[in-house]
Amino acid sequence: MTALGTDAPNVAGLVYIAAFGLDNGESLAALLSQGPTPPALAHLFTDKQGFMWQPQDDFVQHFAADVDPVRAKVMHSVQQPIAGSAFNDAMGVPAWKSLPSWYLVATQDQAIPPDAQLMFASRMGATTIEVPASHVPMVSHPDEAAQLIKAAAETRTAMPAGHAGR
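A brief look at the structure comes next.

Conventions we followed
- Residues numbered from 1 in each chain as written.
- Predicted model: local features only at pLDDT ≥ 70, side-chain atom pairs only at ≥ 80, totals over all residues.
- Heavy atoms only, no water.
- Helix = DSSP H or I, 4+ residues; strand = E, 2+ residues; numbered from the N terminus.
- Rg over C-alpha atoms; globule rule 2.2 N^0.38 Å.
- Buried < 20%, exposed > 50% of the residue type's maximum accessible area, 1.4 Å probe, protein only.
- Contact = heavy atoms within 4.5 Å.
- Areas by Shrake-Rupley, 256 points an atom, 1.4 Å probe, with all protein chains shown as cover.
- Salt bridge = Lys/Arg side-chain N within 4 Å of Asp/Glu carboxyl O.
- Pairing = 2+ DSSP bridges.

Turning our eyes to something else, we now look at the overall build of the protein chain. Looking only at helices and strands, the protein chain features six helices and six strands. At 16 Å, the protein chain has a C-alpha radius of gyration in line with the 15 Å of a compact globule built from 166 residues. Judged by the C-alpha coordinates and their principal axes, the protein chain covers about 50 × 35 × 25 Å. The buried share of the protein chain, taken over its 166 residues, is 39%. Long-range pairs, those at least 24 residues apart, make up 69% of the contacts in the protein chain between residues at least 6 apart in sequence. For the protein chain, the accessible area works out to roughly 8900 Å², and carbon and sulfur atoms hold 57% of it.

Okay, structure coming up:
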């Protein structure tokens, strides 16, 4: 959603849930190279088509660390891979530069460091909440995630016409 850019007339705001909030010219690879590899990403493997996958142990123990292990194993079995090339793609002008944003920081995230999430939220001027969760707070803390989405929606629908910008 960050890559929507500044011309997204049907989008009123953005809600980030433990997510990357790249800025213009940044890439996932560059950001991730600035520190130690997060435990959830330490053993990614690439298949013949160039898609990257997480081993089950890393998914259960790090990616979804606060989810019931049986449920986390089911989540792992249906995970969708990421194209390895996505790590090197540079972001254009991000949508959060022109749209109001909300951000749920997962303070126990082992995929995107919480300090990075706080930095993303801060520079986008996002309304921010912090939840003691792994990388999947929408699963382990669904009420908090839903409340943030609801608050964003209510804020956006309460704005008078002509005040949709930041």
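Moving on from the model shown.
A word on the pattern of salt bridges. Applying the stated rule across the entire model yields three salt bridges. The closest approach of N and O atoms between Asp23 and Lys97, which form a salt bridge, is 3.3 Å. You can see Asp23 sitting in the loop between strand E1 (14-17) and helix H1 (28-32) and its partner Lys97 sitting in the loop between strand E4 (82-83) and strand E5 (101-106), a full 74 residues away along the chain. On the basis of relative accessible area, Asp23 is assigned to the buried category, the value being 16%.

To continue, consider the sheet that holds strand E2 (residues 45-46). Read from one edge of the open sheet, three strands run E2-E3-E4, paired in antiparallel fashion. Either end of the sheet is taken by a strand with one partner, and the two such strands are E2 and E4. Strand direction decides the pairing type here: E2 and strand E3 (residues 51-53), joined by two bridges, are antiparallel. Bridging across to E3, Thr46 finds its partner in Met52.

With that settled, consider helix H2 (residues 56-63). Inspection of H2 places Asp58, Phe59, Val60, His62 and Phe63 among the buried residues, and these make up the whole buried set. For H2, the elements touching its buried residues are helix H3 (69-77).

The side chains of a regular strand alternate between the sheet's two faces. As paired elements, E5 and strand E6 (residues 127-131) share five bridges and run parallel to each other. From the neighbouring strand, Tyr103 faces E6, where its bridge partner is Thr128.

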